[in-house]
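# Structural overview for review
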Amino acid sequence: MKKAAGFFWMIVCVLALTGCGRSVDMEDVQGITETEIFQAAVEEPAVSIDIDDITVSEDASEQYCAYLEQVTERDFIGEGEIGSADATVSYDEETGRYSIELSIKTDGKLSNEQIEHYKDFLHKTYAEVTFIVDGELLPEK
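Here we summarise the structure given alongside this text. What you see is a predicted model; the values in this text were computed from it and never measured.

### Topic: the packing of aromatic side chains
Summed over all chains, the structure comprises 6 aromatic pairs. Taking the centre distance of 4.7 Å and the plane angle of 45 degrees together, the rings of Tyr91 and Tyr98 count as tilted. Classification of Tyr91 as partly exposed rests on a relative accessible area of 28%.

Below, the structure is given as structure tokens:
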């Protein structure tokens, strides 16, 4: 019980020292100028989102496809046995799903188990997957 009471008083002291829970009087803020408020706003960048920018447009889906291509290529090139990767992502407006064609070049030491792992990874993200390893088109799952 003494530990709980000691912990409680420690929290109360910390809150009191940091000013948490303190009410602000108008006298406290009268000395703040508009310049100081502006400087504080500039120093702390704010993130704003325009709802009009969120609507799905053809341009937005193209940008997202390009983003997915870059991320996928970077992820596969990060693997030790893969020397290069080239991804092409497309979006089907009717189904609302993405497809990928991924071509990788390896050092020749890629096992069948690794290939199946990569296929599984791709199928979790994309509706249709075309996977080409060292110029050979791999069959669908």
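### Quick notes on the sheet that holds strand 3 (residues 128–133)
The sheet built from 4 strands is open, its strands ordered 1-2-3-4 with mixed pairing. Single-partner strands in this sheet number two, and they are strand 1 (82–92) and strand 4 (136–137). In this structure, strand 1 lies alongside strand 2 (residues 97–106), joined through 10 bridges in antiparallel fashion. Following the sheet pairing, Asp86 is matched in strand 2 by Ser103. Contacts between helix 6 (residues 112–125) and the sheet are confined to strand 1, strand 2 and strand 3, with strand 3 contributing the most and set at about 150 degrees to the helix.

Definitions and limits used
- Residues numbered from 1 in each chain as written.
- Predicted model: local features only at pLDDT ≥ 70, side-chain atom pairs only at ≥ 80, totals over all residues.
- Heavy atoms only, no water.
- Phe/Tyr/Trp six-rings, centres within 6.5 Å; stacked < 30°, edge-to-face > 60°.
- Buried < 20%, exposed > 50% of the residue type's maximum accessible area, 1.4 Å probe, protein only.
- Pairing = 2+ DSSP bridges.
- Helix = DSSP H or I, 4+ residues; strand = E, 2+ residues; numbered from the N terminus.
- Contact = heavy atoms within 4.5 Å.
- Axes fitted to C-alpha atoms, helices over the stretch in contact; angles between N-to-C directions.

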